[in-house]
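# A structural walkthrough
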Amino acid sequence: HGLAGVGKTTLARGLVEWLAATEGLGERCFWFTFNDIRSSEYVFNRLVEALFGVNAMAAELAQKQAALVEVFKKRRFILVWDNFESATGIPGTALEARLPEPDRQQLRDFLGKLRGGASKVIITSRSPETWLAADRCFPLNLGGLQGEERWEYCATILRDLGLEADQQDDGLKNLMDLLDGHPLAMRALLPHLRDVGAQTLAEQLKGRIPTEPGNDPLQTRLFAALEFVEDALPNQLKPLLFPLGLHERFVDADYLERMAQQADSSFGRADIERLLEMLALSGLLRPLRQDIHEMHPALTGFLRSRPMLEKDNNRREAWRRAFVGVMGRLADHLAPKELHEQRWPFHWHGVNFDTALTEAEALGMDDHFAALTQFLAAYAQNQRDFASADRRFSALADHYKQRDNPKGQAAAYHQLGGIAEERRDFAAAERWYRKSLAIKEKQVNEHGAASTYGQLGLLAQLQGHFVQSGRWLVKAIIAFAHQQDAHYAKIAVENFLIIYREAPPDDQAKLRK
């Protein structure tokens, strides 16, 4: 537990590497970063897939949990839950829980059942996570660097500037105490010693630290130090901080450029690259590949705490719309893709898609809201995170219903039927398919109805209802033929022949009629 950027993830990663080097890791480490996780089922499915295979993910959730508890208690694994504050939220801040309460309860119960077993769990969080209770965890509070480590890091930063870290300098000692050993605050502020004396810099920093009660003293000091980075930026680049603050975890310079083209064409690619380079020098960004930069965990929080970055409401809205537009079009492009094509874009922009979804709803950008929801639901379904997919498609169905869009509503119901079918909840699947079919038939959407006829036929086949399956498939064949869709008509014929061969003789006789 500790402030953003204090080194929680780095410490956890270092511990795992040390355990691996000293043969204390056990069989393997499972690492989950919770920024992008929206259901506990996703966590359980990834573990089940790794330990028992893909087919085992079709089992009931309670059955999967019991199997995982048994194997984790008997065998040695390390389980890391990183950035767990994203799951539970932080009271008193803008960060809300991204996991529903029932899902958090499932994770808490899972931890409780692992107690006393061979496996260990490491959690990193900006929140104290008091909901876990003392009997489920040992809290380790991380502050800034202390003692010689603090001065060694100071010396490293100043050495690059041609300066020395004089531990006898009262002004520098005062400044170091104010920074409290936070690595990012030190990296952001100490370079200013090229131009300003340590005592003067300490006084300037102290003047920026809010004194109101209730503020987190560590965070207020960090944000006060980051204000110096903001002040050092050229004034003409500062408006770009607002769209940057809409991002979290990663930002793509190409996409930021597209947003600028829509919101404020006075900013070109050179401006964007100059801003990103300056922030990278301060430790707030880390260039990765293909114009993608990793954002320091503290950067988004700092930028979102600065509502005056863009004072003009019209320009703020233009940037928000541009952000939604770029993310929405990307989502629309990715939705029909296979999982292997979706995985990396979601890794880079999973949180950004969620932010864009929230902004789209607030701004009334209905088409982009639908595209973002469709993609997030499809990705969750491809990942076999059925709980998240169900919530997303349900939200999409409600969205279309409120806007009197029966075609979209029917499509969402059809998707919900597919999720229930994959979960082997055949009764629920049939209910969703029939709801979809009722709308399609009422709208005289014969091709859409044909697809649902075929799906109902396959659903009946899974339950061994061969005659019912055949009747649905015949309806699909007729409807596709009437729509002159030879491709899908052929698929329906092939499915009919398969169920005919599988059916017992009595059912085959009925199917021939």
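Reading the values: rules and limits
Residues numbered from 1 in each chain as written. Predicted model: local features only at pLDDT ≥ 70, side-chain atom pairs only at ≥ 80, totals over all residues. Heavy atoms only, no water. Helix = DSSP H or I, 4+ residues; strand = E, 2+ residues; numbered from the N terminus. Expected span 1.5 Å × (residues − 1). Buried < 20%, exposed > 50% of the residue type's maximum accessible area, 1.4 Å probe, protein only. Patch = residues over 30% accessible without salt bridge, like charges linked within 9 Å, V, L, I, M, F, W, Y side chains within 5 Å. Areas by Shrake-Rupley, 256 points an atom, 1.4 Å probe, with all protein chains shown as cover. Salt bridge = Lys/Arg side-chain N within 4 Å of Asp/Glu carboxyl O. Lys, Arg positive; Asp, Glu negative; His and termini not counted. Charge placed at Lys NZ, Arg CZ, Asp CG, Glu CD. Pairing = 2+ DSSP bridges. Phe/Tyr/Trp six-rings, centres within 6.5 Å; stacked < 30°, edge-to-face > 60°. Lys NZ or Arg CZ within 6 Å of the ring centre and 35° of its normal.

### Observations regarding helix α22 (residues 466-482)
- With 17 residues, α22 extends 24 Å from end C-alpha to end C-alpha; this agrees with the ideal 24 Å at 1.5 Å per step.
- Restricting attention to buried positions, one finds in α22 the residues F466, V467, S469, G470, W472, L473, A476, A479 and F480.
- A positive backbone phi angle near 60° is found at Q484, which sits one or two residues after α22.

### A short note on a negative patch on the surface
- A grouping of E164, D166, D169 and D170 is seen on the molecular surface, where their side chains present a negatively charged patch.
- Positionally, D169 belongs in the loop between α6 (147-159) and α7 (170-179).

### Description of the pattern of salt bridges
- Inspection of every chain in the model, using the stated rule, returns 31 salt bridges.
- The salt bridge involving D354 is made with R38; its shortest N-O contact spans 2.6 Å. With D354 in helix α16 (residues 339-363) and R38 in the loop between β1 (28-33) and α2 (40-52), this pair connects stretches of sequence that are 316 residues apart. Here the two residues D354 and R38 agree in accessibility, since each one is buried.
- The salt bridge partner of R306 is E227, with a shortest N-O separation of 3.5 Å. Taken as a pair, R306 in the loop between α14 (297-304) and α15 (313-334) and E227 in helix α10 (residues 217-232) lie far apart in primary sequence, 79 residues in all.
- Through salt bridges that share partners, R208, E227, E230, D231 and R306 make up one connected network.

### A short note on the pairing of strand β6 (residues 292-295)
- Note: strand β4 (residues 250-252) against β6, three bridges, orientation antiparallel. By the bridge assignment for β6, V251 is matched with H293.
- Both strand β5 (residues 285-287) and β6 contribute to a ladder of three bridges, which runs antiparallel. Opposite L285, over in β6, you have M295 as the bridge partner.
- The hairpin formed by β5 and β6 contains four residues between the paired strands, and Q290 there has a positive phi angle of roughly 50°.

### As for the packing of aromatic side chains
- Under the defined criterion, the tally for this structure stands at 19 aromatic pairs.
- With a centroid separation of 6.0 Å and 25° between ring planes, the pair formed by Y453 and W472 is classed as stacked. Taken together, the positions of Y453 in helix α21 (residues 446-462) and W472 in helix α22 put the pair 19 residues apart, joining distant regions of the chain. Across the pair, W472 and Y453 agree in class, each one buried.
- Through a chain of ring-to-ring contacts, three or more aromatic side chains come together here, namely F30, F44, F72, F77 and F110.
- Lying over the aromatic face of F228, R208 brings its terminal NZ or CZ to 4.4 Å of the ring centre.
- One residue, K435, lies across the ring of Y413, its end atom 4.5 Å from the ring centre.

Honestly, it's all geometry; don't read function into it.
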